[in-house]
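# Residue-level structure breakdown
Spelled out from the first residue to the last, the chains are:
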Amino acid sequence: MPELPEVEVTRQRIAPFLVGRRIQSVRTTADSYLFLTPPAKLRRRLTGRTVSAVQRRGKYLLATLDDASCLLVHLGMTGQFFSAGASSVRLLSATARAALAPQQQVDFRPDVHTHLRLAFEDGGAEVYLRDVRKFGKLLLLARGESDPRIERLGVDALEIRGTELFRVARGRKVAIKNLLLDQSVVAGVGNIYADEALFLAGVRPTRRAQRVTRRECDAIALVIQRVLNRSIETGGSSISDFIAPDGSDGHYQDERHVYARTGEACHTCGAKIKRIVIGQRGTHYCPRCQS
Ligand SMILES: [Zn+2]
């Protein structure tokens, strides 16, 4: 599932394909829960507009248009936002993927999962939003309009401070992992990076937030930023569907310490990494390094 680094990598690399280009035509799939703005309205409003900037808030992308409206894009679980010419086995169905040798790559052709297709007046590369499971979101905000999804976001994970984390953790009985996943507290951290950050901070994910010390909050805030920045540098994590807008894979998954390493040896102490479920999310930690 795309978290802050994957969304930021998408932002950095899709921006050159969007900014300054006038949209000539918009194609969508039929209405579905992915469209918070009905597809017909989206097609009408986007046509003829020029994208002026692409920003990120938490795990949301915000493409501002020249009429000051704003297209909000969320990648959900399997969203892929990329340009024509991208090629990746992750753009194929699971069955097609399984039938191909790993090194085989195929140029992408828009398919039934390509919910948004933008063509530009300059005749250059089209831009696609593809989402197999459709947990992503598309919403067009009119000039000056906002949305609770954005308004209720907490401090961006790249800017979280230990003091702030410690303040919100006071009196909270929830597991520290759940607190980190709460987008109204820290925006952008998801399952992978919460597990990784808690490992690096030496804090067990099940610990009640109110039992995490000030020093530990400082450590958690620091490693969250370190882990996220490192992941952005390496292109994010491509564990299931994530690809960068040029079709390339991220590489952060190769540096994971605990996430999805159940039963494997801890890089620090050699103990077996454990997997438990917290708040319905698979959670990974080292029983020796994290207390
Ligand atoms: Zn360990």
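Above this text you will find the structure in question.
First, a word on scope: everything that follows refers to the structure included in this document. In this text the structure is predicted, and so the values were computed from the model without any measurement. Counting restarts for each chain: residues are numbered from 1 in the order of the written sequence. In view of the model being predicted, local features appear only for residues whose pLDDT reaches at least 70, and side-chain atom pairs are presented and counted only at 80 or more, with totals across whole chains, interfaces and linings using the full set of residues. Processing note: side-chain calculations cover all non-hydrogen atoms of the structure and skip hydrogens and water entirely.

What follows deals with the overall build of the chain. Elements are defined by DSSP. Helices are runs of H or I of four residues or more, strands are runs of E of two residues or more, and each kind is numbered from the N terminus. Of the regular secondary structure elements, the chain holds eight helices and twelve strands. Atoms counted for the radius of gyration: C-alpha only. Globule rule: 2.2 Å times the number of residues to the power 0.38. On C-alpha atoms alone, the chain measures out to a radius of gyration of 20 Å, which is about the 19 Å that the 2.2 N^0.38 rule sets for 291 residues. Counting only C-alpha atoms and orienting by the principal axes, one finds that the chain spans roughly 55 × 50 × 30 Å. In what follows, a contact means two residues having at least one pair of non-hydrogen atoms within 4.5 Å. Residue pairs at least 24 apart in sequence account for 66% of intrachain contacts in the chain once pairs closer than 6 positions are excluded. To measure how exposed things are, a 1.4 Å probe is used in the Shrake-Rupley method; for residues, cover is taken only from the protein chains shown. When the accessible surface of the chain is totalled, it reaches about 13,000 Å², and 48% of it is carbon and sulfur. Of the side-chain charges in the chain, 45 are positive and 30 negative, and the distance between the mean point of each set is 6 Å. Only four residue types enter the charge count, namely Lys and Arg as positive and Asp and Glu as negative; His and the chain termini do not. The location of each charge is read from NZ of Lys, CZ of Arg, CG of Asp or CD of Glu.

It is worth spelling out the coordination of the zinc ion at this point. Note: metal donors comprise N, O and S atoms at 2.8 Å or less from the metal (3.2 Å for Na, K and Ca); water molecules are not included, so apparent gaps in a site are possible. Coordination of the zinc ion by the protein comes from Cys266 (SG), Cys269 (SG), Cys286 (SG) and Cys289 (SG), over a distance range of 2.2 to 2.4 Å. Between consecutive donors of the zinc ion, the numbers of intervening residues give the motif C-x2-C-x16-C-x2-C. Here Cys266 is found in the loop between helix H8 (214–233) and strand E11 (274–278), whereas its partner Cys286 is found in the segment after strand E12 (281–285), with 20 residues between them in sequence. Considered together, Cys266 and Cys286 belong to a single accessibility category, that of buried residues. Buried residues are those whose accessible area, probed at 1.4 Å on protein chains only, stays under 20% of the maximum for their type, while exposed residues exceed 50% and partly exposed ones sit between those limits.

Before going further, it helps to examine the packing of aromatic side chains. Two aromatic rings from Phe, Tyr or Trp, using only the six-membered ring of Trp, form a pair when their centres are within 6.5 Å; if the ring planes differ by under 30 degrees the pair is stacked, by over 60 it is edge-to-face, and anything between is tilted. In this structure the tally under the stated criterion is five aromatic pairs. Between Phe82 and Phe108 the ring centres are 5.0 Å apart and the planes differ by 80 degrees, which places this aromatic pair in the edge-to-face class. Of this pair, Phe82 sits in strand E5 (residues 79–83) while Phe108 is found in the loop between helix H3 (94–99) and strand E6 (114–120), placing the two residues 26 residues apart along the sequence. When sorted by exposure, Phe82 lands in the same class as Phe108, which is buried.

Before going further, it helps to spend a moment on the packing of helix H7 (residues 191–201) against H8. Orientation is described by lines fitted to C-alpha atoms, with helices fitted over the stretch in contact, and by angles between N-to-C directions that extend from 0 to 180 degrees. Where H7 meets H8, the axes come as close as 9 Å, and the angle between the chain directions of the two elements is 130 degrees. Taken together, the axes of H7 and H8 are oblique relative to one another. Classified by chirality, the crossing of H8 by H7 is right-handed. From H7, Tyr193, Glu196, Ala197, Leu198, Leu200 and Ala201 reach across to H8, where they touch Ala219, Ile220, Val223, Ile224, Val227, Leu228 and Ser231. The cut-offs work like this: below 35 degrees is roughly parallel, past 145 is roughly antiparallel, 65 to 115 is roughly perpendicular, and the gaps in between are oblique. For any helix crossing, the convention is left-handed if the near helix is rotated counterclockwise from the far helix by under a right angle, and right-handed if that rotation is clockwise.

Once that is clear, we can look at the pairing of strand E2 (residues 51–57). By the bridge criterion, six bridges tie E2 to strand E3 (residues 60–65) in an arrangement that is antiparallel. Across the sheet, Ala53 pairs through a bridge with Thr64, a residue of E3. Here, strands pair whenever DSSP counts at least two bridges between them. Following E2, the chain reverses through two residues before pairing antiparallel with E3; Gly58 in that reversal takes a positive phi of roughly 55 degrees.

On to the pairing of strand E8 (residues 137–141). Counting buried positions along E8 gives four out of five residues, so the element sits mostly inside the fold. In this structure, strand E4 (residues 70–74) lies alongside E8, joined through five bridges in antiparallel fashion. Its bridge partner lying in E8, His74 is registered against Lys137.

Judged by nonpolar contacts, the single largest core of 35 residues is most densely connected at Leu165, Ile176, Leu179, Leu180, Ile220 and Ile224. Elements represented by at least two residues in this core include exactly helix H1 (4–18), helix H5 (162–169), helix H6 (176–181), H7 and H8. Sort the elements by how many residues they give to this core and H8 lands first, with eight residues. Setting aside residues up to four positions removed in sequence, Leu180 forms contacts with Leu165, Val186, Val189, Ala194, Leu198, Ile220 and Ile224. Side-chain atoms within 4.5 Å are what join buried Ala, Val, Leu, Ile, Met, Phe, Trp, Tyr and Cys residues into a set we call a nonpolar core. Within the second largest apolar cluster, 26 residues are counted, among which are Phe35, Leu42, Leu46 and Val51.

On to the pattern of salt bridges. For salt bridges, the criterion is a side-chain nitrogen of Lys or Arg within 4 Å of an Asp or Glu carboxyl oxygen. Taken as a whole, this structure holds 20 salt bridges when the rule is applied. For Asp111, the salt bridge goes to Arg130, with nearest N and O atoms at 2.9 Å. Of this pair, Asp111 sits in the loop between H3 and E6 while Arg130 sits in strand E7 (residues 127–131), placing them 19 residues apart in sequence. With a relative accessible area of 28%, Asp111 lands in the partly exposed category. The residue Asp218 makes a salt bridge to Arg214 at a minimum N-O spacing of 3.3 Å. Placement of the pair is Asp218 and Arg214 together in helix H8, with a separation of four residues, close to one helical turn. Taken together, the shared-partner salt bridges in this structure form one network comprising Glu8, Arg11, Arg56 and Asp156.

Next up on the list: the sheet that holds E5. On the basis of which strands lie adjacent, the open sheet formed by four strands has the order E1-E6-E7-E5 and antiparallel pairing. Either end of the sheet is taken by a strand with one partner, and the two such strands are strand E1 (23–28) and E5. Shown here is a sheet whose adjacent strand axes are inclined to one another by a mean of 10 degrees, direction ignored. Pairing of E6 with E7 involves four bridges; the strand directions are antiparallel. When the sheet's bridge partners are listed, Leu116 is paired in E7 with Leu129. Sitting on the sheet, H1 is in contact with E5, E6 and E7, with an inclination near 40 degrees to E5. Docked against the sheet, helix H2 (residues 39–46) engages E1 and E6, running at close to 170 degrees with respect to E1.

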